[in-house]
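An overview of the molecular structure
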Amino acid sequence: GLIASAQNRPLQSIRAFRRAVERNPDSPSTRYLLAVALAGRGEKEAAREILEKILGGPDFPEAEAAEAELARLSQEKNELSQEKNELSQEKNDG
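Quick look at the structure, then. (Residues numbered from 1 in each chain as written. Predicted model: local features only at pLDDT ≥ 70, side-chain atom pairs only at ≥ 80, totals over all residues. Heavy atoms only, no water.)

**Concerning the side chain of Glu-69**
The condition is simple: Only DSSP runs of H or I with at least four residues qualify as helices, and only runs of E with at least two residues qualify as strands; both kinds are numbered from the N terminus onward. Categorising residues by exposure relies on relative accessible area from a 1.4 Å probe, with only protein chains included: less than 20% of the type maximum marks a residue as buried, more than 50% marks it as exposed, and the intermediate range marks it as partly exposed. Should any heavy atoms of two residues lie within 4.5 Å, those residues are considered in contact.
As for its placement among the helices and strands, Glu-69 is situated in helix H5 (residues 63-93). Since its relative accessible area comes to 14%, Glu-69 is described here as buried. In contact with Glu-69, other than residues within four places in its own chain, are Ala-39 and Leu-51.

Laid out in structure tokens, this is it:
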């Protein structure tokens with residue numbers, strides 16, 4: 001997964017990380033890497049769900065980075081929601 005990621009091959013990276021999670025489902029570090037790969041591919045809701053789940057469990061080395069990624073994804077979601085609301089309001093006002 002890391003090699004595919006470094007070679008800018010996101011689909012191969014996601015597949016590799018999913019296989020790694022299947023082999024080691026209790027590894028929050030592996031799930032974190034999968035979440036980052038998914039977010040990079042635009043699958044932000046799936047990434048957010050994984051990050052929320054692993055951050056609710058035992059501590060792991062990438063926990064701080066996972067918290068930062070979750071905050072970034074949540075901020076993007078809030079900004080998109082706000083933009084949609086503004087567009088809807090403009091449409092209703094027009």
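**Some details on the packing of helix H3 (residues 28-40) against helix H4 (residues 44-55)**
In helix packing, the relevant descriptors are the interaxial angle and the interaxial distance, both defined with respect to the helix axes. As a reminder, the rule being used: In this description, a line fitted to the C-alpha atoms serves as the axis of each element, helices being fitted only across the stretch in contact, and the angle between N-to-C directions of two axes falls anywhere from 0 to 180 degrees. For classification purposes, an angle smaller than 35 degrees is called roughly parallel, one larger than 145 roughly antiparallel, one from 65 to 115 roughly perpendicular, and anything else oblique. Handedness of a helix crossing follows the sense of rotation of the near helix relative to the far helix, less than a right angle counterclockwise being left-handed and clockwise being right-handed.
At a closest axis distance of 8 Å, the pairing of H3 and H4 adopts a crossing angle of 160°. With respect to H4, the axis of H3 lies roughly antiparallel. In the crossing of H3 with H4, the sense of the turn from one axis to the other is left-handed. Listed contacts from H4 to Pro-28, Arg-31, Tyr-32, Leu-34, Ala-35, Leu-38 and Ala-39 of H3 are Lys-44, Ala-46, Ala-47, Ile-50, Leu-51 and Ile-54.

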